[in-house]
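Here are the chains, one letter per residue:
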Amino acid sequence: MIVPWYGWLLLVIFLGGGGYLLFIGLIKVPPGQVGVVRVRFAPSHPDDARRRVKVHGSPGVQAELLKADWLYFRPPVLYQISRRERTRVPPGTIGVVVARDGETAPVHEALSRHVECDSFQDGRAFLRNRGQKGRQPAVLPVGEYDINPELFDVVTVETIGSGRYGLTENDLREIDVQVGTAGVVIVRVGQMYDDSNAAVAPRVPHHRSFQYPWAFLENGGCQGVQEETLPGGGSYQINPWFARVVLIPTRVLVLEWSRKRQEESRFDSALDQIVVNVGGFPIRFDMQQTIQIPARAAPRLVSQFGEQEKHPVEPDDDVTRPAPVRRFVERVLGTTAEGYFLSTASEYTVLDFLNSHNEVRLEVEQKVRQALDEWDIEAVRTTLGEFEPPANLDEIRRAIASEREHARIHRHELENARIKAEIVRVQAESEAVAKGIRSTAEAEHIQKLAAAELEARIQLLGQDVVAMELLLAQLSKMNVPTYVGGDATALLQHMPLEAAREMINNAIARVQQKEMAGAPPRPGPPDDGAASELAAGTGPI
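Report on the accompanying structure.

The rules we used
Residues numbered from 1 in each chain as written. Predicted model: local features only at pLDDT ≥ 70, side-chain atom pairs only at ≥ 80, totals over all residues. Heavy atoms only, no water. Helix = DSSP H or I, 4+ residues; strand = E, 2+ residues; numbered from the N terminus. Buried < 20%, exposed > 50% of the residue type's maximum accessible area, 1.4 Å probe, protein only. Contact = heavy atoms within 4.5 Å. Areas by Shrake-Rupley, 256 points an atom, 1.4 Å probe, with all protein chains shown as cover. Salt bridge = Lys/Arg side-chain N within 4 Å of Asp/Glu carboxyl O. Patch = residues over 30% accessible without salt bridge, like charges linked within 9 Å, V, L, I, M, F, W, Y side chains within 5 Å. Polar contact = N/O pair within 3.5 Å; in protein donor to acceptor, adjacent residues only side chain to side chain. Phe/Tyr/Trp six-rings, centres within 6.5 Å; stacked < 30°, edge-to-face > 60°. Lys NZ or Arg CZ within 6 Å of the ring centre and 35° of its normal.

Regarding the overall build of the protein
Next, step 1: Of the regular secondary structure elements, the protein holds 13 helices and 21 strands.
Next, step 2: A burial count over the protein gives 39% of its 541 residues as buried.
Next, step 3: A fraction of 73% describes how many contacts in the protein between residues 6 or more apart in sequence connect residues 24 or more apart.
Next, step 4: In the form shown here, the protein has an accessible surface area of approximately 30,400 Å², with 52% of it arising from carbon and sulfur atoms.

Regarding unusual backbone geometry
Next, step 1: Although it is not a glycine, Asp-69 adopts a positive phi angle of roughly 65°.
Next, step 2: By the secondary structure assignment, Asp-69 is in the loop between β4 (60-66) and β5 (71-73).
Next, step 3: Despite not being glycine, Asp-118 shows a phi value in the positive range, around 55°.
Next, step 4: With respect to the helices, strands and loops of the structure, Asp-118 is situated in the loop between β8 (95-99) and α2 (123-128).
Next, step 5: The exposed category is assigned to Asp-118, whose relative accessible area is 53%.

Concerning the pattern of salt bridges
Next, step 1: Taken as a whole and assessed by the stated rule, the structure comprises 17 salt bridges.
Next, step 2: With a shortest N-O distance of 2.7 Å, Arg-173 and Glu-169 are connected by a salt bridge.
Next, step 3: Judged by relative accessible area, which is 35%, Arg-173 ranks as partly exposed.
Next, step 4: Judged by relative accessible area, Glu-169 falls into the partly exposed class, the value being 36%.
Next, step 5: The salt bridge partner of Arg-203 is Glu-227, with a shortest N-O separation of 3.7 Å. With a gap of 24 residues between them, Arg-203 in the loop between β13 (181-187) and α3 (213-218) and Glu-227 in strand β14 (residues 224-230) connect regions that are remote in the sequence.

Section: a nonpolar patch on the surface
Next, step 1: Together, Phe-41, Val-77 and Leu-78 make up a nonpolar patch on the protein surface, roughly 300 Å² of accessible area in all.
Next, step 2: Note on placement: Leu-78 falls in the loop between β5 and β6 (79-85).

Some details on the side chain of Gln-289
Next, step 1: Along the polypeptide, Gln-289 turns up in strand β20 (residues 287-292).
Next, step 2: For Gln-289, the side chain forms a polar contact with the side chain of Thr-382, separated by 2.4 Å.

Some points on the packing of aromatic side chains
Next, step 1: The tally for this structure, following the rule as stated, stands at 14 aromatic pairs.
Next, step 2: Considering the side-chain rings of Phe-210 and Phe-216, the 5.8 Å spacing of their centres and the 50° angle between planes classify their relative orientation as tilted.
Next, step 3: Relative accessible area serves as the criterion here: at 1%, Phe-210 is assigned to the buried category.
Next, step 4: Under the relative-accessibility criterion, Phe-216 is labelled buried at 0%.
Next, step 5: Over the ring of Tyr-79 we find Arg-74; its NZ or CZ atom is 5.4 Å from the centre of that ring.
Next, step 6: The residue whose ring lies beneath Arg-300 is Trp-375, and the NZ or CZ to ring-centre distance is 4.0 Å.

What follows is the structure, encoded as structure tokens:
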């Protein structure tokens, strides 16, 4: 029974001189404390028999507390009062609660059943409403509370010490999700999600951003990575026994392949400067890729690439590593870029690659965009730094120029050899056919072979050279003196070169005209002897 202090004064005045005896049982709890009551002598109540903390006044620790700044009448012969500090939750943190008494929770349940009890300040309501022992789903936000320490064990950053109930001080901080960040929630309790094709668990209503675990569970929430994320720009009081949160940046990220100091806190810590081996020559350059991860894509990243991780050497370090994004950058973006440059290096010479900067950038940008589209991540921009050529670039250029010249000469020699072989083949066929002429049709065939031979020789040696050969062949058959006296002008009068060339051109034209007309050539005048002899395959080549 709670009686205000002025009520006790009136009672003392009314009782007179003997009233001082009543002051023996007056209790006033100082500010910042609560009074825990233990009953020494009283009748036992059946409902209290199975409880450590009593509700109906039976002997033992009582669920009801004595609050600060109130006067209570508790005769010491019947009651034992102990003063305890109020429960305090510092700003920016939460308090979690473990019930020391109540009904036994199912073994398979990680959290006890939720019971409304004025933030655990009404111990009698907790026990009367069948509150269960163990870890409670509700948390205590910042503030001070009159909580019975005999009924509830409250864990805060001030009482956790080196760790209790599997928690650390960092687990008891509010989840602060900055602007440009999405909080991906991983629920530890609930139903098993049976859709093996889905990477994340579906949304459920009324849990107030996972701050009401009991509502999440009552509405069929499942374990694992959740599709719903925590928006940036807010703080969330989430029970660490119920869920944990992974922060994924949704702002624009600039990732660098460069010579940089390897820092675990960087998302691109695994990316080094790109080195492409083109024809055995290394070409170095930096690369930048700008990306943006939408909040809708963040849960899948966490599902596929894991959560944050503690430092392997210092497990108690509060700094967590951005593992999901870093692993994604290394395994998807890094592998995509490396694969492209490995495959494309064989398509270029070193000089062509150095001169194809923009083409290479566009191709790698397309490859990166395709890879990111599969993850619903936006590829904003791809930038390639200046190509750093090998130190002996001038020597490489000279060597390549020499190789190209050799290749040109070899191609010319091969072409000449092919033409010569064709001439030999045509000559052989002409001679073979000429030996067995039996009809006009065979003669026509001979004429065609001769024309083909003449065309091949002209293509290989040139018209002037062939004309000179035919002239010399005719001159060898003419009745010319072995010695001709006089000057060169007289000699040229007997052997005019231009006349001989005109004769050869006329012969070639007649052969081609006859071939096009499809008729055998007619015997020409005496001055056509050279052309006729060549067509018959008997003249000199």
